[in-house]
Amino acid sequence: MTGSTSSASRSSHSKGEKGGRSRSTHARPISTANNGGSEEEDKDGGVLFLVNKSGFPLDGQTWERMWGHVAKVHPAGREMVAAIRNADCLPKPSVPAVPNYKASMTIPEWLQAIQNYMKMLQYNHTGTQFFEIRKSRPLSGLMETAREMTRESLPIKCLEAVILGIYLTNGQPSVERFPISFKSHFSGNNFHHVVLGIYCNGRYGSLGMSRRSELMDKPLIYRTLSDLIFEFEDSYKKHLHSVKKVKIGLYVPHEPHSFQPIEWKQLVLNVSKMMRSEIRKELEKYARDMRMKILKPASAHSPVKQRSRGKSLSPRRRQASPQRRVCRRDKSPAVMDKKVGDFSTLNEVGYQLRI
């Protein structure tokens, strides 16, 4: 989960101070729009959501900001931070090996290997997300970020785990992946969480990372999508959270070089105001449409182009030759009403063959 139930402290940085953290030497303005938890102004569970935008290695500002935030939210506070930063010798962190698929593996075994790799990376408790994930970014760019995760071997949060899970399952076309987002409420605050839904051989499951073991991976045993969602909802109740909304995206293509962005919320259910029978009906209809591949992402529709005054949107054509003008079909009503008298040039499927 991207929110914390144990701390509600806020960062003391003003918005004007954040503009200097950029990959380039020039300060760039940071958008205040909600981009799915990727902007530094976002708050989740009442806690400021910090993101590393400087790349690797971390720049000085991001590094100091991270430690300052940890000192505020950690129970031991500045004493713990000072003990780590002033230590003469620290143990070298382990670097887990990226899992490799073997032909002898079953799909559940491969998914478990991926989940075990994520657990070895560990959940990021620093309060600063190390890898910037912009949800509107093309899939190819997000896969580059996933490769960076495997190189750096740093702790990750739920959104990073979704991207990493997509990257590691790209070689299995029988495994369908789709994002599942949750909005829950606890103690006056809203919390957001996302996992990677899995569908394979008629069963549903999930991959992911969370502070709570019940809110991350689920085995590939659920017969319907609604069974999987209700299992997550019951897990939330164990931690006294009430689920308000569930958002489900489309299947993510297995083409790592695709310029198509991930569709994160094709279906949005306000589950707090719906009966379980209604939720099940909507989920099963949506799951059936997904399996039939009849749903199209919103990004698949071409954007409407604004036509400039005096300019045509159609591409320019070269002047047609006189011979082509003569052969061009006349689409006037008088000609269209004429019946074709000779059917000898029609093939077996009804198309006219040009001779």
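Further up the page is the structure itself.
(A) Seen up close, the overall build of the protein chain. From N to C terminus, the protein chain includes nine helices and ten strands. Buried positions account for 42% of the 355 residues belonging to the protein chain. Partitioning the intrachain contacts of the protein chain with sequence separation of at least 6 by distance along the chain shows that 61% fall at a separation of at least 24. Carbon and sulfur atoms make up 52% of the accessible area of the protein chain, which totals about 21,300 Å².

(B) Representation of the sheet that holds strand β7 (residues 203-207). With antiparallel pairing, the six strands of this open sheet are ordered in space as β8-β7-β6-β5-β9-β10. Of all the strands in the sheet, the pair left with one neighbour each is β8 (218-222) and β10 (267-269). Averaged over neighbouring strand pairs, the angle between their axes works out to 25 degrees when direction is ignored. Direction of pairing for strand β5 (residues 176-186) relative to strand β6 (residues 189-200): antiparallel, over a ladder of eleven bridges. Opposite His-185, over in β6, you have Asn-190 as the bridge partner. Here helix α5 (residues 158-168) sits on the sheet and contacts β5 and β6; the angle it forms with β6, its principal contact strand, is near 15 degrees. Contacting β5, β6, β7, β9 (242-248) and β10, helix α7 (residues 276-291) runs over the sheet at an angle of about 170 degrees to β10.

(C) Region of interest: the pattern of salt bridges. Overall, the coordinates contain nine salt bridges when judged by the stated rule. Glu-64 is the partner of Arg-85 in a salt bridge, and the nearest nitrogen-oxygen pair spans 3.0 Å. With Arg-85 in helix α2 (residues 78-85) and Glu-64 in helix α1 (residues 60-73), the pair connects residues that are 21 residues apart, well separated along the chain. We classify Arg-85 as partly exposed; its relative accessible area is 37%.

(D) Main features of unusual backbone geometry. Between Phe-56 and the following residue, Pro-57, the backbone shows a cis peptide bond with an omega angle of 0 degrees. Secondary-structure assignment places Pro-57 in the loop between β3 (50-51) and α1. In the Ramachandran plot, Ser-153 falls in the positive-phi region, its phi being about 55 degrees despite a non-glycine side chain. On the secondary structure map, Ser-153 appears in the loop between α4 (139-152) and α5. Taking the relative accessible area as the measure of exposure, Ser-153 reaches 13% and is therefore buried. For Ser-187, which is not a glycine, the phi torsion comes out positive at approximately 50 degrees. Residue placement: Ser-187 occurs in the loop between β5 and β6.

Calculation notes
- Residues numbered from 1 in each chain as written.
- Predicted model: local features only at pLDDT ≥ 70, side-chain atom pairs only at ≥ 80, totals over all residues.
- Heavy atoms only, no water.
- Helix = DSSP H or I, 4+ residues; strand = E, 2+ residues; numbered from the N terminus.
- Buried < 20%, exposed > 50% of the residue type's maximum accessible area, 1.4 Å probe, protein only.
- Contact = heavy atoms within 4.5 Å.
- Areas by Shrake-Rupley, 256 points an atom, 1.4 Å probe, with all protein chains shown as cover.
- Pairing = 2+ DSSP bridges.
- Axes fitted to C-alpha atoms, helices over the stretch in contact; angles between N-to-C directions.
- Salt bridge = Lys/Arg side-chain N within 4 Å of Asp/Glu carboxyl O.

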